[in-house]
Amino acid sequence: MEPIEQLASHGQSVWLDYIRRDLVRSGGLADLVRDGVRGVTSNPSIFEKGIGGSTEYDDALRDRLDGDAAASSLALFEAVAIVDIQEACDVLRSVYDDTDGADGFVSLEVSPHLAHDSEGTIREARRLWSEVGRPNLMIKVPATPEGIPAIEELLAEGINVNVTLMFSLEHYEDVAHAYLRGVRRAEHPERLASVASFFVSRVDTAVDAELDAIGTDRAKRLRGTIGIANSKLAYARYQELFEGSEFAELAERGVRPQRVLWASTSTKDPAYRDVLYVEELIGDNTVNTMPPETLEAFQDHGIARADAITEGVDAARDDIAALADLGIDFDAITDRLQHEGVHKFATSFDAMLSAIDGKRRTLLAESVDPQELRLGGLADAVEGRLGSWADDDVAERIWAKDHTVWVDELQPEIVDRLVWLTLPEAMQDHVEDIEWFVDQVLAEDLEEVVLLGMGGSSLAPEVFARTFGTAEGHLDLRVLDSTHPRAVSALAADIDPAHTLFVVASKSGTTVEPLSLFSFFWERVAEVTATPGRHFVAITDPGSPLVDLASDRGFRKTFTAIPDVGGRYSALTHFGLVPAALVGADVRRMLDRALRMAAASRRPAPDNPALRLGAAFGEAARAGRDKVTVVTSPSLAAFPDWFEQLAAESTGKDGTGIVPVAGEKLGAPAVYGDDRFFFVLSHADDGSDVEIAGLDTLEAAGHPIARIVVDDLADLAAEMYRAELAIAAAGAVLDIHPFDQPNVQLAKRLARYAMAGELDTGTIPATQVDDVDALRSELSDLLGSASSGTYVALQAFVAPTDGAEAALQRLRHRIRDAVAVTTTVGFGPRFLHSTGQLHKGGPDTGLFIQFVDHPEPDVEVPGEDFTFGTLVAGQADGDHQALVDAGRRVLRIDLGDDAVAGLEAVEAALDV
């Protein structure tokens, strides 16, 4: 017997807290009903995501707008929502009939703005009841003081009611008696049905915060218990009211008891079992309304114990009583939760109307795609690819997580990793928590934030910080993604740890670089405060070791990101949005723009902007133009570094791939071979003439160009999304799996061997920078082997100072202009988490120059048996060996004690 069937056998009905048109019309809801789901609830937030975040409602909205172009957002909402509710009611009608009207309901709520208006609620409920016209409809009414008389009146008129926003026994008592009064007045009370929705996880979230502030062992013991204890007492009162003599007379007349419905049953704290609020609340004649993820989790590993809700009632009373002993006013909390609940519902309702208004404007206005492709000889191949993608429904298949878009055999990593497609919608639910956290941080005496992370955990935050700057009253963001001792020491000397917030970002929670940096800065913060944990925040995946570390050390906050999102696709998760919010970026606006791009990315291939760009990238690479050179206007200058990881790590494998070129100044056509593709992103406000000098000349010379102009910097989020899908689509053109990185771990493993003295390579040969003749000879030999399609990668395991960056850029442009080859620049170990995959797994067209220096004075890593100098040296040695093992040609140059002077000497030694 399946877990959901076991719940039914124990007297509990499962309702789905989700509704969407494609779920109903695709047969998905009918499938769930066959599996045992017995009802559906809806709310404005669900409708907002469905209408504003997808295209599935566009035709219905167009039909309504065709008849009345001035239709309000509310009218548009009701035009689609009522149809959804009706169709869902029809699907569940068999349940309603089979249970003689006891189950099979769909809930629709009155406007939350009427929560304190009894008469307005009654009028709205009557109207909705009439317009839906289904006997298995329930009208949702909040259990506010003004809602209580409305509940009674609606029941007396024969309208089914789902009473919401109950948090306390007092709320339940008022609702239960309103039900009893209402059915006694009803003409046919035996036909009525009602549920009393008791909210659970929100109670724990609120109480846990106060328990955490107290921090005693007794307070810690109560964490995660009060929501369930509160529910147990409510159910005990239900039994007294509806299973005793008081209800017996009504029961004899066929009147049904008002079932208790457990709402807010998804866990908010990652430390709690994800089915906690299902397993502990099983009881006869109850309902549990679950969001899809909770329902799926319970089906997967839930345990159904009969009458779990009746166990430990006395202990539950003791737990509630213990709150008062700790000085916590539980009644005040539950009253506040109800007040906040009304406000949140109203906010969601307004957001929904706002989303519909945006959709209305979009549908009424002519759609303009700011993407321009000037492809020259590639145009026919790109159009042919788009045509085949349209015939093969590639856009639809990508959104359906169909692995065959990329590979024939099932690859779970492809299916799992495509969750990033829905991030612009999914992350909307997390914005409030992020904004609350930022408000708390800004209220304290903090001046800047330092992010300790690598690759996908650091690149997007850096882009957001450089693009949006620091808003007034917010924190300056510094990103430390170098383990070079001089970089660590320089940052340590430049900040005041007493006024700095540190964000430790690592998906796996095991990445050596951010953990080493954490140990270093933890020790320094601990020297200036007795509560160092208040200066640290973790961003990681659920269940990672970093979650435990943060808990043990008392971090201020741990954000657990949506799992199964690869690092290079994580810009719109907590990894990117939390740092963005700390500098004052409008993350709501960013997600809104990305949501629009996501909606456009559901279109069939010819009209899909991301697939069009992806086809161009892919076909260009197939034609030998695999060097995608990213050019931006000044305000978007940080974008190429982020794109570099996305393209290199996603496509650089199986001997093929796209070589992203970031940070290059445009040169004359003569310095470019026929392996280039130019990808241009500019901001309209960067000048009245946003044309970037040299592009027309390059196009005239036969180089293909993709050009995008954005009007608002918030569109950066949309362009990141476009680029993500475009690169994934390019992977399909190149016949590679874009979501793995098979060669990244090799360099990491070899680095560990090198640090332990176990790398069996002997001494790695290095040309000394002061040996001018040898240096000139080695450089000439390496660069002389360059041919058409070659790229030269400058890999600098030195501190990423402004001086070093400038010297490397001068060197890369000197090589490009002299040899007419593509050049790239990367600081180690940062590039190992970015372009490292491409270097070993991509096309064998790279020539690699590895720069090392003498990192003195060295810096200890507290608690470890290695130093930062040992770590960066091991990473350089490991990468060198990985390149050699892959058959790449590598020249190592020892820059000596002064990296900048050494780089300048290398430039002077170039004999090209």
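These numbers were taken from a predicted model, which means no experiment stands behind them.

K.L.:
Looking at this structure, I do not really get the sheet that holds strand β17 (residues 676-683). What am I missing?
P.N.:
For sheets, the rule is that strands pair by backbone hydrogen bonds, running either parallel or antiparallel. The mixed open sheet is built from five strands, whose spatial order is β9-β18-β17-β15-β16. A strand with exactly one partner marks an edge of an open sheet, and here the two such strands are β9 (371-374) and β16 (659-661). Here the average twist between neighbouring strands, direction ignored, is 20°. Pairing between strand β15 (residues 627-632) and β16: three bridges, direction parallel. Residue pairing across strands places Val628 opposite Pro660, the latter belonging to β16. Contacts from helix α29 (residues 609-622) reach β9, β15, β17 and β18 (705-710) within the one sheet, and its direction differs from that of β9 by about 25°.

K.L.:
How should I be thinking about the side chain of Asp319 in this particular structure?
P.N.:
One can find Asp319 in helix α16 (residues 313-325). The exposure class assigned to Asp319 is buried, which follows from its relative accessible area of 14%. Among residues more than four places away in sequence, those in contact with Asp319 are Arg221, Leu222, Thr225, Ile226 and Ala229.

K.L.:
Would you explain the side chain of Asp103 in this entry?
P.N.:
By the secondary structure assignment, Asp103 is in the loop between α6 (73-98) and β3 (105-109). A distance of 2.6 Å separates a polar atom in the side chain of Asp103 from a polar atom in the side chain of Ser13.

K.L.:
Sorry if this is basic, but what is going on with the sheet that holds strand β22 (residues 846-852) here?
P.N.:
Spatially, β19-β23-β22-β20-β21 is the arrangement adopted by the five strands of the open sheet, whose pairing is parallel. This sheet does not close on itself; its edge strands, each paired only once, are β19 (767-768) and β21 (822-827). Of the pairings in the sheet, the one linking β19 to strand β23 (residues 889-894) comprises two bridges and is parallel in character. Its bridge partner being in β23, Thr767 is matched across the sheet by Ile893.

K.L.:
So what exactly am I meant to see when it comes to the pattern of salt bridges here?
P.N.:
Applying the stated criterion across every chain yields a total of 63 salt bridges. Here Lys557 and Asp433 are joined by a salt bridge, their closest N and O atoms 3.2 Å apart. On the criterion of sequence distance, the pair formed by Lys557 in strand β14 (residues 557-560) and Asp433 in helix α22 (residues 431-442) is long-range, its members being 124 residues apart. A relative accessible area of 31% places Asp433 in the partly exposed class. Put simply, Glu462, Arg466, Asp481, Asp641 and Arg830 are held in one network by salt bridges that share partners.

K.L.:
Help me understand the packing of α29 against helix α32 (residues 715-733), please; the structure alone is not making it clear to me.
P.N.:
Between α29 and α32, the shortest axis-to-axis distance is 7 Å and the interhelical angle comes to 45°. Between α29 and α32, the crossing angle belongs to the class labelled oblique. For the pair α29 and α32, the sense of crossing is right-handed. From α29, Pro609, Ala610, Leu611, Leu613, Gly614, Phe617, Gly618, Glu619 and Arg622 reach across to α32, where they touch Arg722, Leu725, Ala726, Ile727, Ala729, Ala730 and Val733. Class assignment for the residues of the contact of α29 with α32 results in eleven nonpolar, two polar and three charged.

K.L.:
Can you walk me through a negative patch on the surface in this structure?
P.N.:
A cluster of acidic residues, Glu170, Asp174, Asp329, Asp331 and Asp335, forms a negative patch at the surface. Counting only elements with at least two residues in the negative patch, the list comes to α9 (169-185) and α17 (330-364). Owing to a relative accessible area of 37%, Asp174 belongs among the partly exposed residues under this scheme.

K.L.:
Just to check I follow, could you spell out the environment of Ala304 for this structure?
P.N.:
By the element assignment, Ala304 lies in the loop between α15 (292-301) and α16. Given a relative accessible area of 14%, Ala304 falls into the buried group. When the C-alpha positions of Ala304 and Glu279 are compared, they lie 6.0 Å apart, and in sequence the two are 25 residues distant. Beyond its immediate chain neighbours, meaning those up to four positions away, Ala304 contacts Pro3, Gln6, Leu7, His10, Ile282 and Phe298.

K.L.:
What exactly am I supposed to notice about the pairing of strand β20 (residues 791-797) here?
P.N.:
The side chains of a regular strand alternate, residue by residue, between the two faces of the sheet. The buried count for β20 comes to seven of seven residues, which makes it a mostly enclosed element. Every second residue of β20 is oriented toward a common face, with Tyr791, Ala793, Gln795 and Phe797 on one face and Val792, Leu794 and Ala796 on the other, all of them buried. Where β20 meets β21, six bridges bridge the pair, whose relative direction is parallel. Bridge pairing in β21 places Tyr791 opposite Thr822. With helix α35 (residues 802-819) bridging β20 and the parallel β21, this β-α-β connection has right-handed handedness. As paired elements, β20 and β22 share seven bridges and run parallel to each other. Of the residues in β22, the one forming a bridge with Gln795 is Gln850.

Conventions and cut-offs
- Residues numbered from 1 in each chain as written.
- Predicted model: local features only at pLDDT ≥ 70, side-chain atom pairs only at ≥ 80, totals over all residues.
- Heavy atoms only, no water.
- Pairing = 2+ DSSP bridges.
- Helix = DSSP H or I, 4+ residues; strand = E, 2+ residues; numbered from the N terminus.
- Axes fitted to C-alpha atoms, helices over the stretch in contact; angles between N-to-C directions.
- Contact = heavy atoms within 4.5 Å.
- Buried < 20%, exposed > 50% of the residue type's maximum accessible area, 1.4 Å probe, protein only.
- Polar contact = N/O pair within 3.5 Å; in protein donor to acceptor, adjacent residues only side chain to side chain.
- Salt bridge = Lys/Arg side-chain N within 4 Å of Asp/Glu carboxyl O.
- Parallel < 35°, antiparallel > 145°, perpendicular 65-115°, else oblique.
- Left-handed = near helix turned anticlockwise from the far one by under 90°.
- Nonpolar A, V, L, I, M, F, W, Y, C, P; charged D, E, K, R; others polar.
- Patch = residues over 30% accessible without salt bridge, like charges linked within 9 Å, V, L, I, M, F, W, Y side chains within 5 Å.
- Areas by Shrake-Rupley, 256 points an atom, 1.4 Å probe, with all protein chains shown as cover.
- Lys, Arg positive; Asp, Glu negative; His and termini not counted.
- Charge placed at Lys NZ, Arg CZ, Asp CG, Glu CD.
- Right-handed = clockwise from strand over helix to strand, strands pointing away.

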